[in-house]
Amino acid sequence: MDYRMCPLGEIVSITDEQHQLVIRGSLYTSVGMVRGNNEDNVQLWALDNALLGVVADGMGGAAAGEEASRLAIETFQSDFLDTLPDSKTLLTLEEETLEQKLRGVMGMANRVLLNKANENQEFQGMGTTATLVLVRGNAATFAHIGDSRAYLIDGTTDDIHQVTSDHSFVEALVASGHLTKEQAEIHPLKNVLYRALGQKDEAEEDVDIYQRILKPGDRLILCSDGLTRHLKNQDIADIATTTSHPETAAEKLVELANLRGGEDNVSVVVLMVDRL
Ligand code: CA
């Protein structure tokens, strides 16, 4: 199937006549100010009338982390996009079928990582987060595992809402009332995940799926934890709603994380929904 990958700092866009929407997207990634290598991988593909964006944050040590997030993104392209005969097929897929496909390709990426780790000593224990969104017209479907995040900023109220839940032990303790949000932010184990790709035999059931309907003014952000380590939700919402172009917003978000210390690799995908 024909698609186009968005180069860093550029824009891709689609239009949806039926809902009178134009959706523009961009992406940005940075090694940050402290780390020696970038274990994040980020991609945004533009199809006819659909956009697929993903952020993956690898782990397992320098080379292994880079390889894990790269392999996941390569699998989304080869085992999802490349298996669709044309973009019309994608647009007419029932929501339930699409969700099964997204779960399936996450499972495939999980197996690719496990196989690679089994074959190579240096890649043992590698894993990655993956937060993915597919936008078809005004419908956004998310598939998520790990602690990268998707945020939706409401174009009417400017309220920011975290779509995904972090699959971290600390977040689970917050959810069960054992820790406060404030305690969680400074907890020494806050980066330890209980779900990620490449960690155990089956991953399909560990993938969370969400759907949202998009309307004019909405902004959608995918990011690795290198962004949220330094930016509060309100910082993200402010940049997303006061910046007119997605490539500028993506760069501004990453720059602010780096200005505030850039302790980790930082990656974002920004989608802007506007009236056609
Ligand atoms: Ca990270």
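What comes next is a walk through the structure. (Residues numbered from 1 in each chain as written. Predicted model: local features only at pLDDT ≥ 70, side-chain atom pairs only at ≥ 80, totals over all residues. Heavy atoms only, no water.)

Some points on a nonpolar patch on the surface
- The grouping of Phe-169, Leu-189, Val-192 and Tyr-194 at the surface amounts to a nonpolar patch, some 360 Å² of accessible area in total.
- Counting through the fold element by element, Phe-169 comes out in helix H4 (residues 169-175).
- Judged by relative accessible area, Phe-169 falls into the partly exposed class, the value being 44%. (Patch = residues over 30% accessible without salt bridge, like charges linked within 9 Å, V, L, I, M, F, W, Y side chains within 5 Å. Areas by Shrake-Rupley, 256 points an atom, 1.4 Å probe, with all protein chains shown as cover. Salt bridge = Lys/Arg side-chain N within 4 Å of Asp/Glu carboxyl O. Helix = DSSP H or I, 4+ residues; strand = E, 2+ residues; numbered from the N terminus. Buried < 20%, exposed > 50% of the residue type's maximum accessible area, 1.4 Å probe, protein only.)

Some words on the sheet that holds strand S3 (residues 21-30)
- Taken in spatial order, the six strands of this open sheet run S2-S3-S13-S12-S9-S10, and their pairing is antiparallel. One side of each edge strand has no neighbouring strand; the edge strands of this open sheet are strand S2 (12-16) and strand S10 (160-162). With direction set aside, neighbouring strand axes in the sheet form an average angle of 20 degrees.
- Together, strand S9 (149-153), S10, strand S12 (219-223) and strand S13 (266-275) form the strand contacts of helix H7 (residues 233-242), whose direction differs from that of S9 by roughly 55 degrees. (Pairing = 2+ DSSP bridges. Axes fitted to C-alpha atoms, helices over the stretch in contact; angles between N-to-C directions. Contact = heavy atoms within 4.5 Å.)

Thoughts on unusual backbone geometry
- Positive phi is not limited to glycine here, since Gln-20 has a value of about 55 degrees.
- Note on placement: Gln-20 falls in the loop between S2 and S3.
- Even without being glycine, Asn-49 reaches a positive phi, approximately 65 degrees.
- Here Asn-49 is to be found in the loop between strand S4 (40-47) and strand S5 (50-59).
- Of the residues examined, Asn-49 reaches a relative accessible area of 36% and is grouped as partly exposed.

Topic: the pairing of S3
- Counted residue by residue, S3 has eight buried out of 10 residues, so it is predominantly covered.
- Direction of pairing for S2 relative to S3: antiparallel, over a ladder of five bridges. Each bridged residue has a counterpart across the sheet, and for Asp-16 the counterpart in S3 is Leu-21.
- Strand direction decides the pairing type here: S3 and S13, joined by 10 bridges, are antiparallel. Bridge pairing in S13 links Val-22 to Asp-274.

A few points about the pattern of salt bridges
- By the definition in use, this model includes 17 salt bridges.
- Asp-154 serves as the salt-bridge partner of Lys-215, at 3.0 Å between the closest nitrogen and oxygen. Placement of Lys-215 in the loop between strand S11 (208-213) and S12 and of Asp-154 in the loop between S9 and S10 is noted, with a sequence separation of 61 residues between them.
- Overall, the relative accessible area of 24% leaves Asp-154 in the partly exposed class.
- The shortest N-O distance in the salt bridge between Lys-215 and Asp-218 comes to 3.3 Å.
- Classification of Asp-218 by relative accessible area gives buried; the value is 2%.

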